[in-house]
Amino acid sequence: ATFADASWPSVAPNIDEAGHRVAAVREAVDEGAKALSANDTQTAARAAVLGQDALGQGTAFLDGIDRLATQLDDAKAKVGQMLVDADADLAQAKKAAAGSADAALAARLAQADTLLAGARTALAGPKPDVAAAFAQARDAHTIADDILATLRTAAEQLARNAARMGASIQAA
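About the cut-offs
- Sequence order as written defines the numbering, with residues in each chain counted from 1.
- Local features in this predicted model are restricted to residues whose pLDDT is 70 or higher, and side-chain atom pairs enter the listing and the counts only when it is 80 or higher, whereas totals over whole chains, interfaces and linings include all residues.
- Side-chain measures were taken over the full set of non-hydrogen atoms in the model, leaving aside hydrogen atoms and water.
- The way it works is that DSSP assigns letters per residue, a run of H or I at least four long becomes a helix, a run of E at least two long becomes a strand, and they are numbered from the N terminus.
- Atoms considered for the radius of gyration are the C-alpha atoms alone. The globule rule reads 2.2 Å times the number of residues to the power 0.38.
- Type-normalised accessible area, obtained with a 1.4 Å probe on protein chains alone, sets the label of each residue: buried when under 20%, exposed when over 50%, and partly exposed for intermediate values.
- In short, Shrake-Rupley with a 1.4 Å probe defines the accessible areas, and a residue's cover is counted only from the protein chains shown.
- For this count, His and the chain ends are skipped, Lys and Arg are scored as positive, and Asp and Glu as negative.
- Think of each charge as sitting on NZ of Lys, CZ of Arg, CG of Asp or CD of Glu.
- For this analysis, a ring pair means two rings from Phe, Tyr or Trp (six-membered ring only for Trp) whose centres lie within 6.5 Å, classed as stacked if their planes differ by under 30 degrees, edge-to-face if by over 60, and tilted for the remaining angles.
- Expected helix span is taken as 1.5 Å per residue step, with the number of steps being one fewer than the number of residues.
- Residues are treated as being in contact if the distance between any of their heavy atoms lies within 4.5 Å.

### A short note on the overall build of the protein chain
Tallying secondary structure elements over the protein chain gives 4 helices and 0 strands in all. Its helices and strands taken in sequence order, the protein chain reads α-α-α-α from the N to the C terminus. Taken against the 2.2 N^0.38 rule, which gives 16 Å for 172 residues, the C-alpha radius of gyration of the protein chain at 29 Å runs more than 25% over that of a compact globule. Projected onto its principal axes, the C-alpha positions of the protein chain cover 105 × 40 × 25 Å. Classification of the 172 residues of the protein chain by burial places 28% in the buried group. Of the roughly 10,700 Å² of accessible surface on the protein chain, 58% is carried by carbon and sulfur atoms. With 16 positive and 22 negative side-chain charges, the protein chain shows a spacing of 7 Å between the two charge centroids.

The structure is reproduced here in C-alpha cells:
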C-alpha cells in the first residue's frame with residue numbers, strides 16, 4: 001500500500017542500514033572464505049560470528065519497516081469505522097448539548113469537528129496519511145465520549161438534586 005511520506009520517517013534510514021549490514025555480511029563471508037583457504041579456523045569462526053551478527057541486525061532493520069507497514073495497514077482498515085463511530089458520537093453530543101451556553105463545551109465540540117475534518121483531509125489523495133487520520137478520528141471520538149459522559153453526569157446530578165428538593169418539599 002502507498003502511504004503518505006509523513007508515515008515513514010521513523011524507518012527511513014532502515015533500508016540504508018540494512019544495506020550496510022548486508023555489505024558487512026559479504027565482507028565477513030569473504031574474510032571467512034580466505035581464512036578457511038589458509039586453514040585459519042579461528043579467523044573463519046570470528047568472521048562467521050560477525051556475519052551472523054550483521055545479518056541479524058539487517059533483518060531487524062527490515063522487520064521495523066514491516067512492522068510499520070502492518071500498523072499502517074491496520075490503521076487503514078480501522079479508520080473508516082473510527083470515523084463513523086466518531087461522527088455518531090459527535091452528533092449525539094451536539095444533540096445533548098443543544099441549547100447549552102457553555103463556551104467550553106462549544107469549543108470542545110468545535111475541536112472534535114476540526115479533528116474529524118482533518119482526518120478526512122489526511123485520507124484524501126493518492127498517498128493517505130492513515131496514521132494521522134486514525135489519531136485525529138480517535139481523538140475526536142474521545143472528545144465526543146467525554147462530552148457525553150460529562151452531560152450524563154450533569155443530568156444525573158440535576159435529577160438527584162430535584163429528587164432531594166422534592167423530598168424536602170414533601171417533608172416540609
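Moving on, there is more to tell.
### Regarding the packing of aromatic side chains
Within this structure, the stated rule accounts for 1 aromatic pair. With a centroid separation of 6.4 Å and 50 degrees between ring planes, the pair formed by F3 and W8 is classed as tilted.

### A few points about helix α1 (residues 14–37)
Counted at 1.5 Å a residue, the expected span for α1 with its 24 residues is 34 Å, and the 34 Å between its end C-alpha atoms agrees. Residues N14, A18, R21, V25, A28, G32 and A35 constitute the buried set of α1. Buried residues in α1 make contact with α2 (41–97). One or two residues past the end of α1 sits N39, with phi positive at roughly 60 degrees.

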